[in-house]
Amino acid sequence: MVPQELTKSDIVKIIEYLDKLLPSNFVNKQGRGRRKAYSDKSILKVSILLKLCDVSYRRAKDFLKKNPKYMELLDLKNIPPFQTISRRVRELPLHRINKDIVNLFLDIEGLERIELVVDSFRDQDL
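In this section: the nonpolar core. With 27 residues, the main nonpolar core has L49, L50, F63, L64, Y70 and L74 as its most contacted residues. For this core, the secondary-structure elements that each account for two or more residues are helix 1 (8-21), helix 2 (40-52), helix 3 (60-66), helix 4 (68-74), helix 5 (82-91) and helix 6 (94-106). By residue number, the principal contributor to this core is helix 2, which donates six residues. Among all residues touching L64, those that are not within four sequence positions of it are L49, Y70, M71, L74 and I79.

In structure tokens form, the structure reads like this:
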């Protein structure tokens, strides 16, 4: 659940920090098949933005067209179709991403102790 008091500038800051936190090759492991039009990092950022703004994947296109600042922030030239966003988010290795994020925090020098919890639970209809 996203706190209601998040402002547009708060969301921009979160995405900017996420962009700095994740190296450009954070997730991508190009395997077999054709080249992906959108990086895993871009898909991850889009999904986080949509979650923060409480926007469904189906409404992503309209939402991003109305908010060009977010398109600029996500460094996207065009908007991924909702089917692509949905499929690619399901394919993201969330447990590995969470582990890498935790390791980034643990590798920072000068910190005595960090307690960090990342929940990779996916909402699913049961």
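A few words now on the packing of aromatic side chains. On inspection of all chains with the given rule, the structure shows one aromatic pair. For the pair F63 and Y70, a centre-to-centre distance of 5.6 Å together with 25° between the ring planes defines the contact as stacked. Residues F63 and Y70 agree in their burial class; the two are buried.

Once that is clear, we can look at the confidence of the model for the protein. Per-residue pLDDT for the protein averages 77, and the proportion of residues at 70 or more is 67%. Within the protein, no element has a lower average pLDDT than helix 6, which sits at 70, and none a higher one than helix 3, at 93.

Conventions and cut-offs
Residues numbered from 1 in each chain as written. Predicted model: local features only at pLDDT ≥ 70, side-chain atom pairs only at ≥ 80, totals over all residues. Heavy atoms only, no water. Core = buried A, V, L, I, M, F, W, Y, C linked by side-chain atoms within 4.5 Å. Buried < 20%, exposed > 50% of the residue type's maximum accessible area, 1.4 Å probe, protein only. Helix = DSSP H or I, 4+ residues; strand = E, 2+ residues; numbered from the N terminus. Contact = heavy atoms within 4.5 Å. Phe/Tyr/Trp six-rings, centres within 6.5 Å; stacked < 30°, edge-to-face > 60°. pLDDT = per-residue confidence, 0-100.

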